[in-house]
Amino acid sequence: MIKTNTSVSKYPQPAGTHVETVTDVEHYTDRLFRFRITRPPTFRFRSGEFVMIGLPNAEKPVFRAYSIASPSWDEELEFYSIKVPGGPLTEHLQKIVKGDSVLMRQKSTGTLVNDALLPGKRLWMFSTGTGFAPFASLVRDPETFEKFEKIFITHTCRDVDELVYSKQVCGNLINDPLCGEFADKIQLIQTTTRQKFTKMGRITELLSSGNLFSDLGIGKITPGVDRGMICGSANMINDTKTLLESFGLKEGSNSKPNTFVVEKAFVD
Ligand code: A2P
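Residues numbered from 1 in each chain as written. Predicted model: local features only at pLDDT ≥ 70, side-chain atom pairs only at ≥ 80, totals over all residues. Heavy atoms only, no water.

Caption draft 1: Representation of the pattern of salt bridges within the structure. This structure, assessed with the given rule, holds 14 salt bridges. The shortest N-O distance in the salt bridge between Arg-36 and Glu-78 comes to 2.5 Å. With Arg-36 in strand E2 (residues 32–38) and Glu-78 in strand E5 (residues 76–82), the pair connects residues that are 42 residues apart, well separated along the chain. Among the residues examined, Glu-78 registers a relative accessible area of 2% and is labelled buried. A salt bridge links Asp-115 to Arg-46, with the shortest nitrogen-to-oxygen separation between them at 2.9 Å. With a gap of 69 residues between them, Asp-115 in the loop between strand E6 (101–105) and strand E7 (122–128) and Arg-46 in the loop between E2 and strand E3 (50–54) connect regions that are remote in the sequence. Among the charged side chains, a salt-bridge network with shared partners connects Asp-24, Glu-26, Arg-34, Arg-36, Asp-74, Glu-76, Glu-78 and Arg-140. (Salt bridge = Lys/Arg side-chain N within 4 Å of Asp/Glu carboxyl O. Helix = DSSP H or I, 4+ residues; strand = E, 2+ residues; numbered from the N terminus. Buried < 20%, exposed > 50% of the residue type's maximum accessible area, 1.4 Å probe, protein only.)

Next up, the structure:
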């Protein structure tokens, strides 16, 4: 049998890891791709959590945190990744093909989970770049729809073709076996900041100007109605967090649920 480049490693399997097989890879741009791997039968996680991913190509493999983009009920695991030129992991990870092996540490964790939010009516998911990944998981989990009446997902990228994955995930929701019936509860708001597009501007600008709410024809965020989740770069998180706090929302965690939660989009 002919083995592909990473399906057999000459290095021993690191302790506390699963070795999983790549089942699908899709490249969106020269900076972004998505891949799916088999799921260990014993692996449990909550939609929105992240896990450490590596490649079996070294004695001491490099691991990086990746949000799981698939929902907790899915038989496989999906990830949405940036390709960093010269990046210790993504330089190699971007070359994986179906049949290759990927390492995954055994425990998942994270704060972008439904449990870390108090009950509310509207849920806002604010993302930039690959920060959309945990929301791709949550939006395909029926529990999210049981908890909230309406879900607004914002995704902002520099260029138009970086918005394809979020459009694909939200657009396909109607055909989802578990969440299809909730597809009309979702509103995806995509904006670009550098390339011309129908809607432009950073989410922070749209929140502070109020254009986000006037375009949607709804009232602004209030603690009695709204809950928030933020995932993007450290600066994007800090700036968006300040704005949510100005609307009266307070940051929560797994041990102390409140009205919004944040997580950094990891690989950069
Ligand atoms: P901009 O093009 O104005 O920098 P990146 O690809 O660098 O991770 O950026 C993803 C998106 O996040 C870009 O559209 C970028 O806008 C936007 N962004 C960067 N910093 C912030 C911030 N502090 N607040 C809101 N959006 C931001």
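Read on for the rest.
Caption draft 2: Up close: the packing of aromatic side chains. A complete count under the given rule lists 15 aromatic pairs for this structure. Through pairs of rings, three or more aromatic residues link up here, namely Trp-124, Phe-126, Phe-152, Phe-213 and Phe-247. (Phe/Tyr/Trp six-rings, centres within 6.5 Å; stacked < 30°, edge-to-face > 60°.)

Caption draft 3: Summary view of empty space enclosed by the protein. Using the criterion set out here, one finds 1 cavity of 30 Å³ or more in the structure. Approximately 110 Å³ is the volume attributed to the largest cavity. Secondary structure elements with two or more residues in the lining of the largest cavity: strand E4 (63–67), E5 and helix H2 (133–138). Counting the residues that make up the lining of the largest cavity, at least three belong to each of domain 1 (17–105) and domain 2 (114–263). (1 Å grid on protein atoms, 1.4 Å probe; cavity = no way out; pocket = protein on both sides within 12 Å on 5 of 7 lines; lining within 4 Å. Points joined across faces, edges and corners; volume = space filled by probe spheres on them. Domains from an automatic or database assignment.)

Caption draft 4: Here's a closer look at the sheet that holds strand E8 (residues 150–157). Spatially, E9-E8-E7-E10-E11 is the arrangement adopted by the 5 strands of the open sheet, whose pairing is parallel. Two strands close off the open sheet at either side, each with one partner strand: strand E9 (186–192) and strand E11 (260–264). If you compare each strand with its neighbour and ignore which way they point, the axes differ by 10 degrees on average. In this sheet, E11 lies alongside strand E10 (residues 226–232) in parallel orientation, the contact comprising 5 bridges. Bridge assignment links Met-229 to a residue of E11, and that residue is Val-261. (Pairing = 2+ DSSP bridges. Axes fitted to C-alpha atoms, helices over the stretch in contact; angles between N-to-C directions.)

Caption draft 5: Highlighting the layout of surface pockets. Quantified by volume, the largest pocket comes out at close to 700 Å³. Taken together, 26 residues line the largest pocket, and the ones lying closest to its centre are Thr-128, Gly-129, Thr-156, Arg-158 and Ser-233. Broken down by secondary-structure element, the contributors of at least two residues to the lining of the largest pocket are E5, E8, helix H5 (203–209) and helix H7 (234–246). Looking at the lining of the largest pocket residue by residue, the classes come out as 9 nonpolar, 10 polar and 7 charged. Taken together, domain 1 (17–105) and domain 2 (114–263) each give at least three residues to the lining of the largest pocket, which thus spans both. By volume, the second largest pocket is sized at about 200 Å³. Around the second largest pocket, the lining is made up of 13 residues, and of these Arg-36, Glu-78, Arg-140, Val-169 and Asn-172 lie nearest the centre. Residue assignment for the lining of the second largest pocket shows that the elements contributing at least two residues are E2 and helix H4 (164–171). The residue makeup of the lining of the second largest pocket, split by class, is 5 nonpolar, 2 polar and 6 charged. Each of domain 1 (17–105) and domain 2 (114–263) gives at least three residues to the lining of the second largest pocket. (Nonpolar A, V, L, I, M, F, W, Y, C, P; charged D, E, K, R; others polar.)

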